[in-house]
Amino acid sequence: MSEPLLEARNLRVEFDAGRGLFRRKRFAAVEDLSFELRAGETVGLVGESGSGKSSLARALLKLLPAARGQVLWSGEDLTALSGAALRMRRRDMQIVFQDAPSSLDPRMQIGDILAEPLKIFEASAGARERAARVARMLERVGLSPRMTNRYPHEFSGGQCQRIGIARAMMSNPKLLICDEAVSSLDVSIQGQIVNLLQDLQRETGMAMLFISHNLAVVRQISRRVLVMYRGRLVEAAARDALFAAPLHPYTRALIAAVLSPDEAPARIAAEPIDDEPRSSRALAGCAFRSRCAYAAPVCGERPPRLEAAAEEHLVSCHRHAELAAVNTPPT
Amino acid sequence: MHPVLSIENLSVAFRGADAEIAAIRRVSLDVAAGECVAVVGESGCGKTQLCLAVMGLLPANAAIGGSIRFDGREILAAPRAQMNALRGARLAMIFQDPQSALTPHLTIGTQMAEVLVLHRKLRWREAEADALAMLRRVRVPDAARRMRQYPHELSGGMRQRVMIGMSLLCEPDLVLADEPTTALDVTIQAQVIAVLREMRQEFRTGIVLVSHDLSVVAGLADRVYVMYAGCIVESAAAADLFGHARHPYTSALMSCVPRISGPVPPRLATLPGQPPNPAERVAGCAFAPRCAFTSERCTRAPPPLRPLEGSTMVACHHPLPR
Ligand SMILES: Nc1ncnc2c1ncn2[C@@H]1O[C@H](COP(=O)(O)OP(=O)(O)OP(=O)(O)O)[C@@H](O)[C@H]1O
Ligand SMILES: Nc1ncnc2c1ncn2[C@@H]1O[C@H](COP(=O)(O)OP(=O)(O)OP(=O)(O)O)[C@@H](O)[C@H]1O
Ligand code: SF4
Ligand SMILES: [Mg+2]
Ligand SMILES: [Mg+2]
């Protein structure tokens, strides 16, 4: 197999968790996370709100520092790069941020927002060529080329989201990270954008990391899917295996909840509120155990390790083998 | 009893550099106390502007016409002081972009408590205690710690839950919920919807729910209004609409919902074509160029919104059969 375009190795991302008595406490938004992404491939990333998906995305692009571990870009350690060398690589990695409207510069007209990547990375393109490419990209995301002289605040939420996608695509990146990039679109335009991303991927061979709470869209676009819970990878599998036979109890609950939304609250125990900051709690056992319908004594004793349950299927659960055998997967 | 919100013939237009853009065209809509009315429609069709019009928060370049009555009183041209007193207390909005709606340099606890101190005249301590209880209610984890954090230190979905909690703090009579669940996973989404349901029952809160997620709409709304290019094209009881869409746009929209089971299609379904340019006047039905049922009449005369059986209203010359 070819060398991965992007690889995370044992990545940890930390934030301040407030001040303790003697020193600042840190907590890990992403902990010991490893995965690979190949050219032309789309990997979906799902997980509970607050599980660390956006933090991971930012750390992969070095918009956040890695407290531990490495990010490799075509085999080269990004965590060691800075300055001009890093800017060079950045051209090839683009992200569509989760909060689209506030990620656009309010003082710039959208024509300029979209032309900017061309000015920086393709200085040879003249003004006319830039304008033509901006117009074409606007049309592809379902916006009118007549809108180029408007400012971000003159657009709807979904229109801003499409501007963010158009901007990211302008420099023909090798990697595109979509962080809830289609969440503000109606189902028709959402379909149009997902189809567009898949077309562009076929045309250019770009790789995508597709973060979304919308499992139907994740299923459509991904070859493989990663599931995060409390900063850790708890399951990773090929798309069909994950949706047909999820192994981790959290993944099972998540998929079951989409299949019958009315029963969702009953299917998964509510988050216990106001307990210890997550770092110390996670140490003792499995982080999901307080909500897990299958928790056993061992789950409180030590944390489960991410291990291969089948080819290309990783799961982090003490009981995955038993559960795979006794439970019919949701259909 | 009069409805808590009554919008009649509302029009909103933007003066642009070269043309006038009609964002909302003669929209009428009622919300009764305790009722949830959903507004769905294409991205850019005018849903957010509708909510902002009710809040009295339209941008400066907007021209507004028609009537908006809140609890029986006209508020469309209400003096600023009157709107300030209503907003946050009896009338609240969950903004589509929580990131820009929350104040970046204040902690979550401070901005929530301020709402209660201002509108409920609570003492700071009590206000903080109520704010904390609300954060727990909308299922923000580690709520006590979150009180001391700034908006940028939360995840997207936590900011959204804070936004929802903040809007409910004063037990408002009306909540305008603009895409309240876009950053929530399904399980938390279900819990937040349950909270909105409780508000309807406990405080008779009326809700205007704007959402692209039709399963959220189906789970919460009593009545659904479908907008296309600034107009209401269909309105019906939720059960009727999801059972039998009568307008070709509604039906086409529903057929685009991606599925979570069954074979994965090579491409997702979409509506062909583009919505009309809002700066241009359309002679007939605005949906005609994209519609599978267009006749000559459709391109000539705009279809009026008219009642069909039950409480269903449709603006179409050839509504789909039941
Ligand atoms: N700048 C920051 N300072 C402190 N904590 C932060 C910061 N950014 C994120 N966090 C915390 O890190 C955790 C993970 O947040 P992240 O935004 O990565 O979650 P997410 O999986 O993207 O969630 P969502 O689906 O809600 O967007 C959360 O507990 C969040 O509060
Ligand atoms: N300040 C403004 N000046 C000019 N046009 C505007 C302004 N604000 C919004 N618009 C336009 O008005 C129309 C309606 O916008 P609105 O935000 O209400 O859409 P929406 O239905 O909420 O869409 P979405 O689902 O994408 O959020 C859009 O076409 C938008 O471009
Ligand atoms: S009026 Fe005509 S064009 Fe418009 S939606 Fe109905 S059938 Fe289609
Ligand atoms: Mg996020
Ligand atoms: Mg909107």
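The structure under discussion appears in the preceding block.
Because the structure is predicted, anything quoted here is derived from the model rather than measured.

Along chain A, the regular secondary structure elements total 13 helices and twelve strands. Taking all 331 residues of chain A together, 55% fall into the buried category. Sequence-distant contacts in chain A: of pairs separated by 6 or more residues, those separated by 24 or more amount to 63%. Summed over all atoms, the accessible surface of chain A reaches about 14100 Å², with 50% contributed by carbon and sulfur.

So, about the overall build of chain B. For chain B, the helix and strand inventory stands at twelve helices and twelve strands. If you line up chain B on its principal axes, its C-alpha atoms span 65 × 50 × 45 Å. Here chain B holds 322 residues, and the buried ones make up 53% of them. In chain B, 62% of the contacts between residues at least 6 apart in sequence involve partners at least 24 apart.

Here the focus is the coordination of the magnesium ion (ligand 4). Residue and element names in this part refer to chain A. The coordination sphere of the magnesium ion (ligand 4), as far as protein atoms go, consists of Ser54 (OG) and Gln98 (OE1), spread over 2.0 to 2.2 Å. Taken together, the residues Ser54 in helix α1 (residues 53-60) and Gln98 in the loop between β6 (93-96) and α3 (110-121) connect sequence positions 44 residues apart. Overall, Gln98 belongs to the buried group, its relative accessible area being 17%.

Another aspect to go through is the environment of Ser156 of chain A. Within the fold, Ser156 of chain A resides in the loop between α4 (127-140) and α5 (157-169). Counting along the chain gives 55 residues from Ser156 of chain A to Pro101 of chain A, while the straight-line C-alpha distance between them is 8.6 Å. For Ser156 of chain A, the contacting residues outside a window of four places in its chain are Ser43 and Gly44 of chain B.

With that settled, consider the interface of chain A and chain B. Listed per partner, the contact involves 59 residues of chain A and 51 residues of chain B. Carbon and sulfur atoms make up 53% of the surface buried where chain A meets chain B, a total of about 4700 Å² over both sides. At the boundary of chain A with chain B, the tally comes to two salt bridges. On the surface where chain A and chain B come into contact, there are 16 residue pairs in polar contact (both at pLDDT 80 or more). If you list the elements that add at least two residues to the side of chain A that touches chain B, you get α5, α6 (187-204), α7 (215-221), α8 (239-244), α9 (249-259) and α10 (264-267) of chain A. Among the elements that line the side of chain A that touches chain B, the one with the most residues is α6 of chain A, at eleven residues.

Once that is clear, we can look at α5 of chain A. With 13 residues, α5 of chain A ought to run about 18 Å at 1.5 Å a step, and its terminal C-alpha atoms sit 19 Å apart, in line with that. For α5 of chain A, a buried count of 13 out of 13 residues is recorded, marking the element as mostly surrounded by other parts of the structure.

This part is about the site of ligand 1. If you check the shell around ligand 1, you find 22 residues, and the closest are Ser49, Gly50 and Ser55 of chain A together with Ser155 and Gly157 of chain B. What surrounds ligand 1 is not a single chain but chains A and B. Between ligand 1 and Ser51 of chain A, the relevant distance is 3.2 Å, taken from an oxygen atom to a main-chain nitrogen or oxygen of the residue. Note that an oxygen atom of ligand 1 is positioned 2.7 Å from one of the side-chain N or O atoms of Ser155 of chain B. The protein chains hide 92% of the 640 Å² of surface that ligand 1 would expose on its own. Sorting the residues of the shell around ligand 1 by element identifies β2 (24-37) and α1 of chain A together with α7 (156-168) of chain B as the ones contributing at least two each. Looking at the shell around ligand 1 residue by residue, the classes come out as six nonpolar, twelve polar and four charged.

Residues and elements named next belong to chain B. Ligation of the magnesium ion (ligand 5) by protein atoms is provided by Thr48 (OG1) and Gln96 (OE1), these donors lying 2.0 to 2.3 Å from the ion. Note that Thr48 is positioned in helix α1 (residues 47-55) and Gln96 in the loop between β6 (91-94) and α3 (98-101), a separation of 48 residues in sequence. Judged by its relative accessible area of 17%, Gln96 falls in the buried class.

This next bit is on the pairing of strand β3 (residues 42-47) of chain A. All names here are of chain A. Burial analysis of β3 places six of its six residues in the buried class, which makes it a mostly covered element. Of the pairings in the sheet, the one linking β3 to strand β8 (residues 207-211) comprises four bridges and is parallel in character. Paired with Val43 across the bridge in β8 is Leu209. In this sheet, strand β9 (residues 224-229) lies alongside β3 in parallel orientation, the contact comprising five bridges. Within β9, the position partnered with Leu45 by the bridge is Leu226.

What counts as what
Residues numbered from 1 in each chain as written. Chains lettered and ligands numbered in written order. Predicted model: local features only at pLDDT ≥ 70, side-chain atom pairs only at ≥ 80, totals over all residues. Heavy atoms only, no water. Helix = DSSP H or I, 4+ residues; strand = E, 2+ residues; numbered from the N terminus. Buried < 20%, exposed > 50% of the residue type's maximum accessible area, 1.4 Å probe, protein only. Contact = heavy atoms within 4.5 Å. Areas by Shrake-Rupley, 256 points an atom, 1.4 Å probe, with all protein chains shown as cover. Donors = N, O, S within 2.8 Å, 3.2 Å for Na, K, Ca; no water. Buried area = accessible area lost by both parts, 1.4 Å probe. Salt bridge = Lys/Arg side-chain N within 4 Å of Asp/Glu carboxyl O. Polar contact = N/O pair within 3.5 Å; in protein donor to acceptor, adjacent residues only side chain to side chain. Expected span 1.5 Å × (residues − 1). Near = heavy atom within 4 Å. Nonpolar A, V, L, I, M, F, W, Y, C, P; charged D, E, K, R; others polar. Pairing = 2+ DSSP bridges.

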